[in-house]
Amino acid sequence: MDFAFDARTEQLRASLLDFMDTHVYPAEPVFREQLSQLDNRWAWDSVPIMSELRAEARKRGLWNLFLPGAEGAGLTNLQYAPLAEITGRSGHLAPATLNCAAPDTGNMEVLAQFGTEAQRKEWLEPLLEGQIRSAFAMTEPDVASSDATNIGTRIERDGDDYVLNGRKWWITGAMNPNAQIFVVMGKTDPSASRHRQQSMILVPRDTPGVEIIRGMEVFGYDDHDHGGHAELSFTDVRVPAANLIGGEGDGFAIAQARLGPGRIHHCMRAIGVAERAIEAMCARADERVAFGKPLSEQGVIRDWIAESRVKLEQLRLLVLKTAWLMDTVGNKGAHTEIQAIKIATPATVQWILDKAIQVHGAAGLSQDFSLAASYAGNRTLRFADGPDEVHKNALAKNELRKQREAR
Ligand SMILES: Cc1cc2nc3c(=O)[nH]c(=O)nc-3n(C[C@H](O)[C@H](O)[C@H](O)COP(=O)(O)OP(=O)(O)OC[C@H]3O[C@@H](n4cnc5c(N)ncnc54)[C@H](O)[C@@H]3O)c2cc1C
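This one's a predicted model, so the numbers in the text were calculated from it and none came from an experiment. (Residues numbered from 1 in each chain as written. Predicted model: local features only at pLDDT ≥ 70, side-chain atom pairs only at ≥ 80, totals over all residues. Heavy atoms only, no water.)

Focus: the site of the ligand
So, point 1. Within the structure, the ligand sits among 19 residues, and Phe-136, Thr-139, Ser-146, Trp-170 and Thr-172 are positioned closest to it.
So, point 2. Trp-170 is positioned with one of its backbone polar atoms (N or O) 2.9 Å from a nitrogen atom of the ligand.
So, point 3. A distance of 2.7 Å separates a nitrogen atom of the ligand from a polar atom in the side chain of Thr-172.
So, point 4. For the ligand, whose unbound accessible area comes to 980 Å², protein coverage reaches 70%.
So, point 5. Those elements giving two or more residues to the shell around the ligand turn out to be strand E1 (133-137), strand E3 (161-172) and helix H11 (388-406).
So, point 6. Of the residues that constitute the shell around the ligand, the class distribution is ten nonpolar, seven polar and two charged. (Near = heavy atom within 4 Å. Polar contact = N/O pair within 3.5 Å; in protein donor to acceptor, adjacent residues only side chain to side chain. Areas by Shrake-Rupley, 256 points an atom, 1.4 Å probe, with all protein chains shown as cover. Helix = DSSP H or I, 4+ residues; strand = E, 2+ residues; numbered from the N terminus. Nonpolar A, V, L, I, M, F, W, Y, C, P; charged D, E, K, R; others polar.)

A few points about the packing of aromatic side chains
So, point 1. On inspection of all chains with the given rule, the structure shows one aromatic pair.
So, point 2. Both rings, one in Phe-31 and one in Trp-44, keep their centres 5.7 Å apart while their planes meet at 70 degrees; by these two values the pair is edge-to-face. Taken together, the residues Phe-31 in helix H1 (residues 7-36) and Trp-44 in the loop between H1 and helix H2 (48-59) connect sequence positions 13 residues apart. Like Trp-44, Phe-31 is buried.
So, point 3. The residue whose ring lies beneath Arg-157 is Tyr-162, and the NZ or CZ to ring-centre distance is 5.3 Å.
So, point 4. When the ring centre of Phe-136 is taken as reference, the NZ or CZ atom of Arg-258 above it lies at 3.9 Å. (Phe/Tyr/Trp six-rings, centres within 6.5 Å; stacked < 30°, edge-to-face > 60°. Buried < 20%, exposed > 50% of the residue type's maximum accessible area, 1.4 Å probe, protein only. Lys NZ or Arg CZ within 6 Å of the ring centre and 35° of its normal.)

Comments concerning the packing of helix H3 (residues 77-88) against helix H8 (residues 299-333)
So, point 1. One way to put it is that H3 packs onto H8 with a least axis distance of 8 Å and a crossing angle of 145 degrees. Across from Asn-77, Leu-78, Ala-81 and Glu-85 in H3, the residues of H8 making contact are Arg-316, Leu-320, Ala-323, Trp-324, Met-326 and Asp-327.
So, point 2. Class assignment for the residues of the contact of H3 with H8 results in six nonpolar, one polar and three charged. (Axes fitted to C-alpha atoms, helices over the stretch in contact; angles between N-to-C directions. Contact = heavy atoms within 4.5 Å.)

Structural notes on the domain arrangement of the protein chain
So, point 1. Each assigned domain of the protein chain is listed with its residue range as follows: domain 1 (7-114), domain 2 (133-245) and domain 3 (252-406).
So, point 2. One C-alpha centre belongs to domain 1, the other to domain 3; they are set 21 Å apart.
So, point 3. Across the interface of domain 1 and domain 3, roughly 1900 Å² is buried in total on both sides, 57% from carbon and sulfur atoms.
So, point 4. Among the residues domain 1 hides against domain 3, the three largest losses belong to Asn-77, Glu-85 and Arg-89. Together they make up 34% of the total.
So, point 5. In this assembly, domain 1 and domain 3 are joined by three salt bridges. (Domains from an automatic or database assignment. Buried area = accessible area lost by both parts, 1.4 Å probe. Salt bridge = Lys/Arg side-chain N within 4 Å of Asp/Glu carboxyl O.)

Laid out in structure tokens, this is it:
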């Protein structure tokens with residue numbers, strides 16, 4: 001088994017690490033300052049430094065790295081994994097800078113895989129160019145949305161159009177005015193079988209009847225890295241029938257196809273968050289003296305540092321194995337491992353962030369360090385793309401079945 005990265009990955013890693021050091025980390029305080037000066041705190045794409053970073057990333061060939069086909073950089077999941085990890089170290093800036101931020105990545109994958117030529121021309125091309133952003137609207141306040149078959153938004157055929165009525169929330173990126181296209185999931189046929197009732201349809205942001213109600217906060221944070229999560233409503237929203245993605249009833253299957261890569265990307269980036277937290281934890285432990293010696297000489301702190309390193313290495317290996325499986329046996333064949341990393345990663349990274357915060361004392365909770373914001377952002381991953389319990393339930397069901405068959 002060869003654990004080394006191949007030559008292309010190493011070359012991209014070197015280029016990305018240099019870009020992070022010379023451009024992204026220095027831009028972090030500038031981004032915060034420029035954002036605070038905007039009238040619209042969600043107009044994240046209007047922050048001047050963001051355009052500069054994007055132009056530089058593109059010049060360096062660090063663009064659309066997530067997309068495997070010819071439309072993207074053509075990397076495998078195994079090649080992309082260590083790069084996504086590096087971008088996770090500056091999660092507010094780096095993924096978007098490289099045009100590799102959720103939910104655009106998943107939406108681009110859906111359009112690349114299931115979109116018609118006209119849909120790809122109108123929406124995929126500007127997304128690939130980084131000219132516009134997008135949102136994926138499934139979750140609803142009125143139903144338990146971890147069960148996607150509950151989704152109640154109606155998408156009804158009327159002549160050459162579809163008409164949408166419903167309410168959504170936690171729609172990532174939708175507060176950003178540059179998120180010009182929404183991929184909306186709803187029901188076209190409530191009488192069809194459970195997994196054939198849903199469809200997906202493209203709804204341009206400026207369509208009459210689309211209302212952006214409010215931005216959702218996470219533990220009081222704007223959670224700006226994507227341009228904010230929105231509550232939205234659709235009232236008699238009329239779009240051409242040609243905006244349907246795939247056929248009527250394909251929505252559930254498309255949602256499933258979208259979630260595999262989305263989940264592993266979250267996990268890869270979260271590992272980068274944890275790496276940066278371990279660095280901060282060690283630096284703080286070395287420089288802070290309590291009761292006559294540096295914190296780094298206290299056994300309990302060393303225990304946290306050692307445990308953090310061991311847990312993270314285990315996690316990274318499982319994520320890389322999952323990436324390799326996705327490349328070799330496909331997303332379906334890697335289903336159990338995708339569930340496993342989605343369960344393990346946010347919880348482990350949360351544990352590491354908690355210890356890094358503790359080592360920092362009260363400062364760890366403050367705005368002076370990125371740990372508290374990272375903690376809030378990472379905590380959301382135990383819901384986003386499905387709560388832990390849903391993944392555990394499905395994984396256990398599968399394990400029980402295999403064990404029964406083996407018996
Ligand atoms: C930061 C953030 C960003 C998000 N971005 C998006 C987005 O862009 N687009 C979008 O559509 N949605 C988005 N979501 C929503 C997210 O996908 C949902 O919150 C998630 O699917 C859970 O749905 P729910 O909140 O309705 O929880 P519910 O379905 O009400 O579930 C509540 C709880 O019930 C328990 N539960 C549910 N099912 C089971 C089970 N089978 N076994 C045991 N326990 C169970 C779990 O503990 C679960 O947390 C985002 C959420 C967050 C926090």
